[in-house]
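Structural description and commentary
Here is how the chains run, residue by residue.
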Amino acid sequence: MAAHSPVLSFSKIISPLWGGRAGNTLKVFGTTVINRRNKTLPTPPPAKYGGRHTVTLIPGDGIGPELLNHVREVFRFSCVPVDFEVVHVNSALESDDDMNNAITAIRRNGVALKGNIETKHTMPPSVKSRNNVLRTSLDLYANVMHCQSVPGVQTRHKNIDIMIIRENTEGEYSSLEHESVSGVVESLKIITRNNSLRIADYAFRLAREKGRRRVTAVHKANIMKLGDGLFLQCCREVASGYPDITFDSMIVDNTTMQLVSKPQQFDVMVMPNLYGNVVSNVCAGLVGGPGLVPGANYGHAYAVFETATRNTGKSIAGRNIANPTAMLLASCMMLDHLKLYDYASLIRNAILTTMNETRLHTADIGGQGTTSEVVQSIMRIIQSKAQLTAEF
């Protein structure tokens, strides 16, 4: 308990030192967004009596449970006023009971932190992806990923700073498939005007709020003239209302080539569901891999935070070698969303110090550190920062 005591007082005295970063840079994931009719979207759920928040925690599969245990460890050490309601979802079951319980818990709490839930290809076609069901049931229409170079990680490209906005509820992920005749399967891609306008407006508003200069729509309208043509048309329509932001478009296959050749040319990117999946994985690879980049899913009423690339990491589960950075940063985004900016800033700065100054890295980014060693380093830095502020 002695190690905890200096942390208890940091919320009152840390703002002058670290409060600015959360407000200027990564608070993007906790901003209030306004829809096209200028109605303010619901704010995050208020804290309960005593200033504490309840968050749904879904451990998921693979490395999810161990990484989320480390998040809880860091939160306890930092005295973060968050209580977790743990809901387990068994991906091996065909029943929807677990998933319904998780969705009910998120509706009750408003916010969730989750590991990826494995989608088994051997399951019957009637069993839909649990991750997809979660996003569509809660109408988490905007997936947001901020892909940024980390100075302490060696990569081919430097100075990458891309925001990816992915439509999260339709497209190829509509889960509408059928076998019309034996050996012929039709899989429906759904693009709607309302959802395309909604995600385009989200991207442009975010770009304006963050001082971004350019939005690129990614599409394949040269082939899918109706579906992707509608999406592109909606983006152009929204762009006309933002004369201060440059708008352009790029075909998805050219986009992937441009990303690996000169990623610095991109600023904010908006795209339908499947292209967002591909592009987000490419961008994560550009800055060091899936263990580094957090992600968020936003709707009008709910928010769910997870790693950006949604990998289960099943092959390295239980070996204490998984990179905890992405999940810890996702938890910081969650704290920003809950307006616990000081706690988010303290933990985030400790993570970045470990990455860039201590240079304690896991094997996926060329280091020899274990998951536990990285987390212990982060907590030591948190303790040292709390002791420093306690002296003022």
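Just so we're clear, the structure is a prediction, and the values are computed from it rather than from any experiment.

The next subject is the sheet that holds strand S12 (residues 303–307). The pairing of strands in a sheet happens through backbone hydrogen bonds and is either parallel or antiparallel. On the basis of which strands lie adjacent, the open sheet formed by 10 strands has the order S2-S1-S3-S12-S11-S4-S5-S10-S8-S9 and mixed pairing. Lying at the two open borders of the sheet, with one neighbouring strand each, are strand S2 (82–86) and strand S9 (246–251). Ignoring which end each strand starts from, the neighbouring axes of this sheet average 25° apart. The sheet contact formed by strand S4 (residues 142–148) and strand S11 (residues 294–298) spans four bridges and is antiparallel. Following the sheet pairing, Ala142 is matched in S11 by Tyr298. Sitting on the sheet, helix H7 (residues 193–209) touches S4, strand S5 (161–167), strand S8 (214–219), S9, strand S10 (268–271) and S11, and the angle it makes with S5 is about 160°. Of the strands in this sheet, S4, S5, S8 and S10 touch helix H10 (residues 273–287), which is tilted by about 155° from S5.

So, on to the confidence of the model for the chain. Confidence in the prediction of the chain, expressed as mean pLDDT, is 88, and 88% of residues score 70 or more. Within the model, pLDDT remains below 50 along residues 1–42, and this stretch shows 90 contacts once partners closer than five positions in the same chain are excluded.

Let us now look at H10. Here H10 spans 22 Å end to end across 15 residues, near enough to the 21 Å set by a 1.5 Å rise per residue. Where H10 is concerned, the buried positions are Asn273, Tyr275, Gly276, Val279, Ser280, Cys283, Ala284, Leu286 and Val287. Taken down its axis, H10 places every buried residue within 160° of arc, on the same side. Looking at the packing, one finds that the buried side of H10 touches S4, S5, S8, helix H8 (227–239), helix H9 (252–261) and S10. Following H10 by one or two positions, Gly288 adopts a phi angle in the positive range, close to 135°.

Here we take up H7. For H7, with 17 residues, the first-to-last C-alpha span of 24 Å sits near the 24 Å given by 1.5 Å per residue. Judged by how many residues are buried, H7 sits mostly within the fold: 13 of 17 residues are covered. Once H7 ends, the next one or two residues include Gly211, with phi positive near 70°.

Right, let's get into the pairing of strand S6 (residues 177–181). Sheet analysis places S6 next to strand S7 (residues 184–187), joined by four bridges and oriented antiparallel. Paired with Glu179 across the bridge in S7 is Val185. Connecting S6 to the antiparallel partner S7 that follows it, the hairpin turn spans two residues, and Gly183 within it adopts a positive phi of roughly 85°.

What follows deals with the layout of surface pockets. Taken as a whole, the largest pocket spans an internal volume of roughly 760 Å³. As for the largest pocket, its lining consists of 26 residues, of which Thr119, Val127, Lys128, Ser129 and Ser175 are closest to the centre. The greatest single-element share of the lining of the largest pocket, amounting to three residues, is contributed by helix H6 (residues 130–137). Across the lining of the largest pocket, the residue classes tally to eight nonpolar, 11 polar and seven charged.

As a further point, take the environment of Asn254. Here Asn254 is to be found in helix H9. Asn254 sits 35 residues away from His219 along the chain, and the two C-alpha atoms are 10.0 Å apart.

Between helix H4 (residues 64–77) and helix H11 (residues 325–337), the shortest axis-to-axis distance is 9 Å and the interhelical angle comes to 55°. Accordingly, the angle class assigned to the pair H4 and H11 is oblique. Crossing hand, H4 versus H11: right-handed. Listed contacts from H11 to Leu67, Leu68, His70, Val71, Val74 and Phe75 of H4 are Met327, Leu328, Ser331, Met334 and Leu335. The class makeup of the residues in the contact of H4 with H11 is nine nonpolar, two polar and no charged.

Evaluation of the coordinates by the stated rule reveals five aromatic pairs. With a centroid separation of 6.0 Å and 90° between ring planes, the pair formed by Tyr141 and Tyr202 is classed as edge-to-face. You can see Tyr141 sitting in the loop between H6 and S4 and its partner Tyr202 sitting in helix H7, a full 61 residues away along the chain. Judged by its relative accessible area of 5%, Tyr202 falls in the buried class. A ring pair is formed by Phe204 and Phe247, whose centres lie 6.0 Å apart and whose planes are at 45°; its orientation type is tilted. Here the residue Phe204 occupies a position in helix H7, and Phe247 occupies one in strand S9, the gap between them amounting to 43 residues.

Here we take up the nonpolar core. Leu113, Met334 and Leu335 are the most contacted members of the largest nonpolar core, which totals 93 residues. Every residue in contact with Leu335, bar those within four places of it in the chain, is listed here: Phe75, Val80, Val82, Leu340, Tyr341, Tyr343, Ala344 and Ile347. Residues Ile58, Val89, Leu134 and Val304 belong to the second largest nonpolar core, which totals 15 residues.

Here the focus is empty space enclosed by the protein. Overall, the coordinates contain two cavities of 30 Å³ or more when judged by the stated rule. Approximately 60 Å³ is the volume found for the second largest cavity. Lining the second largest cavity, in full, are Ser91, Glu118, Thr119, Lys120, Met123, Val127, Lys128, Ser129 and Arg130. Of the residues in the lining of the second largest cavity, the class split is two nonpolar, three polar and four charged.

What counts, and where the lines are drawn
- Residues numbered from 1 in each chain as written.
- Predicted model: local features only at pLDDT ≥ 70, side-chain atom pairs only at ≥ 80, totals over all residues.
- Heavy atoms only, no water.
- Pairing = 2+ DSSP bridges.
- Helix = DSSP H or I, 4+ residues; strand = E, 2+ residues; numbered from the N terminus.
- Axes fitted to C-alpha atoms, helices over the stretch in contact; angles between N-to-C directions.
- Contact = heavy atoms within 4.5 Å.
- pLDDT = per-residue confidence, 0-100.
- Expected span 1.5 Å × (residues − 1).
- Buried < 20%, exposed > 50% of the residue type's maximum accessible area, 1.4 Å probe, protein only.
- Arc of directions from axis to C-beta.
- 1 Å grid on protein atoms, 1.4 Å probe; cavity = no way out; pocket = protein on both sides within 12 Å on 5 of 7 lines; lining within 4 Å.
- Points joined across faces, edges and corners; volume = space filled by probe spheres on them.
- Nonpolar A, V, L, I, M, F, W, Y, C, P; charged D, E, K, R; others polar.
- Parallel < 35°, antiparallel > 145°, perpendicular 65-115°, else oblique.
- Left-handed = near helix turned anticlockwise from the far one by under 90°.
- Phe/Tyr/Trp six-rings, centres within 6.5 Å; stacked < 30°, edge-to-face > 60°.
- Core = buried A, V, L, I, M, F, W, Y, C linked by side-chain atoms within 4.5 Å.

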